[in-house]
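An overview of the molecular structure
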Amino acid sequence: MSWLTITTVPRNSRNAASTTGPGRQRISGAGYRHGVRASRLVSLLLLLQTRGRMTAQELADALEVSVRTVYRDVDSLGAAGVPVYADRGPAGGYQLLEGYRTRLTGLTAPEAEALFLAGMPGPAADLGLGPVVAAAELKLLAALPGELADRGGRARQRFHLDAPGWFRHPEPTPHLAALARAVWEDRLVEMRYRRWRAPREVTRVVAPLGVVLKAGRWYLVARCDDQVRTYRVGAVLDVGVTDERHERPADFDLADYWREWTERYERDVYRDRARIRLTVAALEFMPYVFPPEMSRGARAAAGEPGPDGWLETTVPIESVKHAHTELLKLGAEVEVLEPAELRERLAATAHALARLYPAAPDTPAGAAGSPATPAHPGP
């Protein structure tokens, strides 16, 4: 494998790089602009090679330039002998002559560093690709020039990705590799799945479209009964990959679907509201112990505190049961005003606790159950 680095030297010697001392180099503004344009031309060429036909607007969006700049760059590629041509009409665009391939694949130092950062050993191992990723990195290191190989290794030693949240052990996903293989091969899967509502265990035949790692948990995105749905891989009890293939929707984009699904999930999961009164200290403590959506909502709706240091607000809740568990974290510095069912649940818990832990005669009122606000955010 050969690696090619392109250097452009302006014709005008006044714009060329000039040395300012041993081992130092000063690059003029014109020289820098020529270098940026050369890099952009290479990127445009590689986009057409990897993606096929692209419109001028799609190229402009990918390169973050104007459409007029794309027109000029395409003309420059054509003048340099690159067989790029345009198709007119609504379905038209630029593309390379079929069969044309460029060997212009040289890496810059930042690109080499980013490539090594992209190799995630933990998730790759979960997918059954750990040895493959390790072998690919060894081949890449062997092919890179010495300086770029060193920079890639330094990046791996200085940056590390640890996806799961604090105090959360990795969720067992024994069927992840089989599901990933089905995704890659577009094969239908018959899977037994455990869900929250009855019946708890169901069997479904699904068409896998992708897998997603979110906060240390793996999810399967699949089509079932003409609907695209999301399944937690850790809840999959059994998997049978069939020999039957399915046709992947041409317009399906996994990243777009996941972004829309997560936004909808976060918006819909907190369907109810609870009206509460609490101390200023409890409000400040909420971000450390509450889900972000609950904490943000409570702080946004908070009124001005009264002379006693208490204030009223509304907090988004998933359900009465969920809110009961969460609000107990604030101890005696929160009072539920509405809904009545939630207030009654907390009152019953408070009475039960009082029977278990009767207050000593010298215990100050309100001392028990008060949240201790940390001096700084911790894990």
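Residues numbered from 1 in each chain as written. Predicted model: local features only at pLDDT ≥ 70, side-chain atom pairs only at ≥ 80, totals over all residues. Heavy atoms only, no water.

**Focus on the side chain of T279**
Heads up, the rule is: Under the DSSP-based scheme used, a helix requires at least four consecutive residues in state H or I and a strand at least two consecutive residues in state E, with every element numbered from the N terminus. The criterion used for residue contact is that any of the two residues' heavy atoms lie within 4.5 Å.
Secondary-structure assignment places T279 in strand β10 (residues 272-279). Sequence-distant contacts of T279, that is, excluding residues within four places in its chain, are made with G309, W310 and E333.

**Quick look at the environment of G306**
Applied cut-off: Relative accessibility under 20% of the residue-type maximum defines a buried residue, over 50% an exposed one, and the middle range a partly exposed one, all with a 1.4 Å probe and only protein chains included.
Mapped onto the elements, G306 comes out in the loop between α11 (292-300) and β11 (310-317). Since its relative accessible area comes to 30%, G306 is described here as partly exposed.

**Notes on the environment of K321**
As for its placement among the helices and strands, K321 is situated in helix α12 (residues 320-327). Counting along the chain gives 21 residues from K321 to L342, while the straight-line C-alpha distance between them is 7.8 Å.

**Some remarks on the sheet that holds strand β8 (residues 227-232)**
Worth spelling out the cut-off: By definition, two strands form a pair when at least two bridges between them are found by DSSP. Every axis in this analysis is a line fitted to C-alpha atoms, fitted for helices over the stretch in contact. Angles between the N-to-C directions lie between 0 and 180 degrees.
Taken together, the five strands give an open sheet; going across it, the order is β8-β7-β6-β5-β9, and neighbouring strands pair in antiparallel fashion. Two strands lie at the open edges of the sheet, namely β8 and β9 (236-245), each paired on one side alone. Going from strand to strand, the sheet's axes swing by 45 degrees on average, the running direction of each strand aside. Taken together, the six bridges between strand β5 (residues 187-194) and strand β6 (residues 201-214) define a ladder with antiparallel strand orientation. Bridge pairing in β6 links M191 to R204.

**Digging into the packing of aromatic side chains**
Heads up, the rule is: Think of it this way: a Phe, Tyr or Trp ring, Trp meaning its six-membered ring, pairs with another when their centres are within 6.5 Å, and the plane angle makes it stacked under 30 degrees, edge-to-face over 60, tilted otherwise.
According to the stated counting rule, one finds six aromatic pairs in the structure shown. Ring centres 5.2 Å apart and planes at 80 degrees place the aromatic pair Y193 and Y231 in the edge-to-face group. Residue Y193 is found in strand β5, and its partner Y231 is found in strand β8; the two are separated by 38 residues along the sequence. Each member of the pair, Y193 together with Y231, is buried. Between W261 and Y265, the aromatic rings sit 5.4 Å apart at their centres with planes inclined by 15 degrees, giving stacked as the arrangement.

**A closer look at unusual backbone geometry**
What you tend to see is this: most non-glycine residues have negative phi, and most peptide bonds are trans. Residue P199 follows A198 across a cis peptide bond; omega there is -10 degrees. Here P199 lies in the loop between β5 and β6. Of note, D186 is a non-glycine position whose phi angle comes to about 55 degrees, a positive value. Phi is positive for D225, which is not a glycine, with a value near 55 degrees.

**With respect to the nonpolar core**
Note the cut-off: The nonpolar core is taken to be a set of buried Ala, Val, Leu, Ile, Met, Phe, Trp, Tyr and Cys residues, with the residues joined through side-chain atoms within 4.5 Å.
Grouped together as the largest cluster of nonpolar side chains are 23 residues, with contacts concentrated most on I276, L278, M286, V315, L327, L330 and L342. For this core, the secondary structure elements donating two or more residues are β10, α10 (280-289), α11, β11, α12, β12 (334-338) and α13 (340-356). For this core, the element with the highest residue contribution is α10, accounting for four residues. Counting 19 residues, the second-largest nonpolar core is a separate cluster that includes L179, V206, L220 and A235.

So, to be careful, I would describe these as geometric facts and stop short of saying anything about function.
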